[in-house]
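Now for the letters of each chain:
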Amino acid sequence: MHFLSYHAPLLDCHLPRKFSLMAMAVQLCTFQCSSTVKPHRIIPKTQNKNPLKIPRLSQTPFKFNTSTLKEICKRGNLEEAFLELHNFITSQNPPQLPPDEAYSSILDLCAAKKALSQGQQIHAHIITSNTDTDSVFLSTKLVFMYGKCGSLSDAKNLFDDMLDRTIFTWNAMIGAYVSNGEPSGALELYREMRLSDITLDACTFPSVLKACGVMKDLNYGAEIHGLAIKCGFISVIFVANSLVGMYAKCNEFDRAAQLFDRVIEKGDVVSWNSIISAYSNSERGSEALRFFKRMQDSGVAKNSFTVVAALQACAKPSFSRFGMEIHAALLRSDRELDVIEINALVIMYSRCGRTDGALRVFHKMEEKDSISWNSMLSTFVQNDLYKEAVAFFHEMLEAGHKTDLVSTVSILTALGRLGNLRNGMEVHGYAIKHGLDSDLQVGNTLIDMYAKCCCIHYMTQVYDEMPNKDLISWTSMIAGYAQNHCYLEALKLFREVQMKGIRIDSMIIGSVLLACSGMTCISSVKQIHANILRLNLFDHVLENTIVDVYGECGNTEYASLTFSRIGNKDVVSWTSLISSYVRNGMENEALEVFCKMGETGVKPDLVSLLSILSASASLPASGKGKEIHGFLIRKGFPMDGSVASSLVDMYARCGNIENSFKVFNLVEHQDLILWTSMINASGMHGQGKEAINIFNRMLGRGLKPDHVTFLALLYACSHSRLVEEGRRYFDLMRNSYQLEPWPDHYGCVVDLLGRAKRLDEAYSFMKNMPIEPTATIWCALLGACRVHSNKELGDIAVKKLLELDPQSPGNYVLASNTFASTGRWEAVDEMRNIMRTRGLRKDPACSWIEIKNMVHTFMVRDVSHPKTEEIYSKLDEITERLKREGGYVPETKYVLHDIQEDEKVKLLYGHSERLATAFGLIQTSPGTPIRITKNLRVCGDCHVFTKLVSKIFERVIIVRDGNRFHRFENGVCSCKDFW
């Protein structure tokens, strides 16, 4: 069924044709009025030329029961009121016109119902019938009606055309400006009225004071306060209440409370409602509840508006208990609750995150209005229950509820978060059909929805066709471009905003920073940072964002400096710096910051714990990882989702694949990410067949693999020499699952073929790819050429690699090593000279080992460790024993330097992983596994050395190098000498 098909019988927002007052107008005269009322006005009696031929009115006085119509209007039945008026007019012969009171009642009802279309019909009928009435009275009613119905332009045109105006007319127009969100227009008109020497009445003050509150114009509000005293209106309750509200909106709560205590009659429930609402609207819940308690203690009976104001004060998780107490008191009162009270309960539970409570209240409602449905829909959206929101929206449609502006915004938000483009476009079509797309909020939500559905074309089209734009529109577009990797477009649009002179805020800056981080453009980040400082836009969120973005752009120095200047560091601040270090391979620094965070008393949250798990996974710091695992269990974090996946990854990267399997098997609901993590963990440890087995089990559970799953599987096949299996899964991904391979998938296949010494096949595969090979793919081929000494293909790969990525030092190192492996020392010198000229530096070889929760670091020929002498003495002992018992002979071909043989031997003996191995044998008891991490690939000689150590010293040695894990046991490596 079509997403919005239930709306079919509800699309006509007009009354039935027989009740149309347009039809009455046609009966009364031959003139047919346009539905646009802008050029018309009520003509004063002295100017009425009456050019149309209207039947003469009967001289016999007609009897029209206005009290009946008033009663109908009081009941709020617009259709019945139109029917009463229609019956009167059609029953008269000749047709008679009702008095002003009749029009007045219906216009007031149209205003209350915000029934603009019906109000326009009344206006058209008055014009076409040339009603001989007091035009100022009805014109004022029409101004009031248009203002309440949101048609400010029609109200203003009518007001401007009036020759005579009373204070009621001015009040109606000022109120129209305020109710339509133009407080500055209201104050400007008020000043004009004062200059016109119009005598004020008490009803002038509420609208003007509300405008001052919205504008936060305390000085003008205080001036009007003085005028109210001067004119003697300060004793009028609604004027005093308006003053309280004005001071509260201007954050002058002491003056608001003093005024309440001094002037206002304490027995008046409206006054109590005013002060409670003032505090609630300003998000000062505790003060609002104190006044609510005072009101109850004073014996003043609360009404529905009191309940709504008090519940609004409870709309935070910290006040949920008070909200539940109010709810319980309402149930004990044994009175029928008003719909606005029940709606307030739904909203209160929603904002407290109690979706279940909101849903229970909603389902017990006997009478539901549009606010009820919209509030419940918003509850699901605000609590990130987007699938539930869509299901509830369908329930709304089945119940016959008409989609309006609020529900349109809510469902578009949910569909955007779900990436549901099809249904999102259906709602967009509905909005266009019913004129909702011209609303600014709907337009902004459409931009966000299309951005989250990765549909840039439609996002841009919505933006271009919007009649009005605000800062949210610009911010949403910039964020949409950044989220969809259109970084240059995002920055271009930001410059356009600046050129237009639009005042930017922290939200738009945050979106621009997202684009800068995507481009890793540190110069742009610095410019934005300077703008923030110059415009004094820094808030706490933006400070944390700047730390994060500097980290993403690789500048941890600036990230640390910005962090140090944050005054009130919260857990997000600390996590931003930790993530910056982790992202840039500075895991030790990340662990130090995490420890400092604990010392300052800031408690870690889930995000910070996952970040530090990532740091632990990048070092052999399984002890820290185990601590965090224990902390997660003690604090009751659920062992599923991102937590379980991070633990599986952490243990695998720390060399403890057994614990990875334990965590995996304990998770009840294993999602795709967890299965993928386990496949990747197995591949990392050279267990390619186990990775395939896990993949098949996952398929048996009905889960559908994605790009990342296949990438992990191809990686596993590559590192276990499972060539045919890897080719089969690559074809399965494309043909059975219709997943277009990423460059990384092609790189895995090239690596798979290259490691298996099928270099010509790998090169042929690259030439037949539908995309141009990336630097990563050429790097995979070059690595295979180095291992298998293929000079011809190696030269081709070097040329292509350095053309595509000339700024990566690793590429020059790989090229240099390839040349060195075939003795081409001149080419080696050329590579090294290029690196020096371009200021590129090779990462020095480094190994880590964790002993008793402390990570020890070793460089090549390191002499900085406190136990250096003992370590080198142990290393000499190990080497001599390997030569004697294992037949070890140093293979100097792995020293890629043009030096003497004895120097090459010394270099081999000083490799960082050997120093770490010697230290591990010193510091651990016999039989204890030794875990080492190295940042670069283990050389062939060290690989042989470690195999012999594992056999002769009877130790399991687990080494994670830059490529994979090696598990050495009893003289055999898990990689089967294939890495």
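An account of the accompanying structure is given in this report. (Residues numbered from 1 in each chain as written. Predicted model: local features only at pLDDT ≥ 70, side-chain atom pairs only at ≥ 80, totals over all residues. Heavy atoms only, no water.)

## Regarding the sheet that holds strand S2 (residues 854–859)
Strands in a sheet are paired, the pairing made by backbone hydrogen bonds, and the direction either parallel or antiparallel. On the basis of which strands lie adjacent, the open sheet formed by six strands has the order S2-S1-S3-S4-S5-S6 and mixed pairing. The open sheet has two edge strands with one neighbour each: S2 and strand S6 (972–973). Across four bridges, the pairing between strand S4 (residues 957–960) and strand S5 (residues 965–969) is antiparallel. Its bridge partner lying in S5, Ile957 is registered against Phe968. (Pairing = 2+ DSSP bridges. Helix = DSSP H or I, 4+ residues; strand = E, 2+ residues; numbered from the N terminus.)

## Here's the deal with the side chain of His428
The topology assignment puts His428 in helix H23 (residues 421–433). The class for His428 is buried, based on a relative accessible area of 14%. (Buried < 20%, exposed > 50% of the residue type's maximum accessible area, 1.4 Å probe, protein only.)

## Observations regarding the nonpolar core
Of all hydrophobic cores here, the largest spans 264 residues; its most connected members are Ile106, Met173, Tyr190, Phe205, Ile275, Ile509 and Leu781. Look past the residues within four positions of Ile509 in its chain and what remains in contact with it is Phe494, Ile504, Ile528, Ile532, Leu537 and Leu542. Counting 32 residues, the second largest nonpolar core, distinct from the first, contains Leu875, Leu915, Phe919 and Ile957. (Core = buried A, V, L, I, M, F, W, Y, C linked by side-chain atoms within 4.5 Å. Contact = heavy atoms within 4.5 Å.)

## Some points on the pairing of S5
Taking the residues that link successive antiparallel strands as the turn, the S4-S5 hairpin has four residues. In this structure, S5 lies alongside S6, joined through two bridges in antiparallel fashion. What sits directly across from Phe968, in S6, is Cys973.

## Brief notes about unusual backbone geometry
Unusually for a residue other than glycine, Asp197 sits at a positive phi of about 60 degrees. Tracing the backbone through its elements, the reader meets Asp197 in the loop between helix H9 (183–195) and helix H10 (204–215). One non-glycine residue with positive phi stands out, namely Asn970, at about 55 degrees. Structurally, Asn970 is set in the loop between S5 and S6.

## Focus on the packing of helix H24 (residues 440–452) against helix H26 (residues 471–483)
At a closest axis distance of 9 Å, the pairing of H24 and H26 adopts a crossing angle of 5 degrees. Comparing the axis directions of H24 and H26 gives the class roughly parallel. In contact with Leu440, Asn444, Ile447, Ala451 and Lys452 of H24, H26 contributes Ile472, Ser473, Ser476, Met477, Gly480 and Gln483. Partitioned by chemical class, the residues of the contact of H24 with H26 number five nonpolar, five polar and one charged. (Axes fitted to C-alpha atoms, helices over the stretch in contact; angles between N-to-C directions. Parallel < 35°, antiparallel > 145°, perpendicular 65-115°, else oblique. Nonpolar A, V, L, I, M, F, W, Y, C, P; charged D, E, K, R; others polar.)

## Quick look at helix H18 (residues 339–351)
Taking 1.5 Å per residue, 13 residues should reach 18 Å; H18 reaches 18 Å between its end C-alpha atoms and fits that length. H18 sits mainly inside the fold: 10 of its 13 residues count as buried. Of the positions making up H18, those classed as buried are Val339, Glu341, Ile342, Asn343, Ala344, Leu345, Val346, Met348, Tyr349 and Ser350. Of the surrounding elements, those touching the buried residues of H18 are helix H16 (304–313), helix H17 (320–332), helix H19 (355–363) and helix H20 (370–382). One side-chain oxygen at the N-terminal end of H18 lies 3.0 Å from the backbone nitrogen of Ile340; it belongs to Asp338. Backbone geometry just after H18 places Gly353 at a positive phi near 75 degrees. (Expected span 1.5 Å × (residues − 1). Polar contact = N/O pair within 3.5 Å; in protein donor to acceptor, adjacent residues only side chain to side chain.)

## Digging into helix H29 (residues 522–535)
For H29, which comprises 14 residues, the first-to-last C-alpha distance of 20 Å matches the rise-based estimate of 20 Å (1.5 Å per residue) to within 8%. Every buried residue of H29 is accounted for by Ser524, Val525, Ile528, His529, Asn531 and Ile532. Each buried residue of H29 lies within a common arc of 160 degrees when the element is viewed along its axis, so the set occupies one face. Structural note: H29 exposes Gln527, Leu533 and Arg534 on the side pointing more than 90 degrees away from its buried face. Buried residues along H29 sit against helix H27 (487–499), helix H28 (506–519), helix H30 (540–552) and helix H31 (556–564). Directly after H29, the chain includes Asn536, whose backbone phi takes a positive value near 55 degrees. (Arc of directions from axis to C-beta.)

## Section: the environment of Gly686
In this fold, Gly686 is placed in the loop between helix H38 (672–684) and helix H39 (688–700). Judged by relative accessible area, which is 13%, Gly686 ranks as buried. Each C-alpha atom, one on Gly686 and one on Lys976, is 8.7 Å from the other, the two residues being 290 residues apart in sequence.

## Thoughts on the packing of aromatic side chains
Under the definition given, this model contains 26 aromatic pairs. Consider the rings of Phe253 and Tyr279, whose centres lie 5.1 Å apart with planes at 25 degrees: the pair is stacked. With Phe253 in helix H13 (residues 253–263) and Tyr279 in helix H14 (residues 269–281), this residue pair connects regions lying 26 residues apart in the sequence. Note on Phe253: relative accessible area 6%, which makes it buried. Seen in terms of ring centroids, Tyr746 and Phe765 are 6.0 Å apart; in terms of plane orientation they differ by 45 degrees. Their pairing is tilted. Pair noted here: Tyr746 is in helix H42 (residues 743–755) and Phe765 is in helix H43 (residues 759–767), with a separation of 19 residues, a long-range link. Take Phe765: its relative accessible area is 14%, and that puts it in the buried class. (Phe/Tyr/Trp six-rings, centres within 6.5 Å; stacked < 30°, edge-to-face > 60°.)

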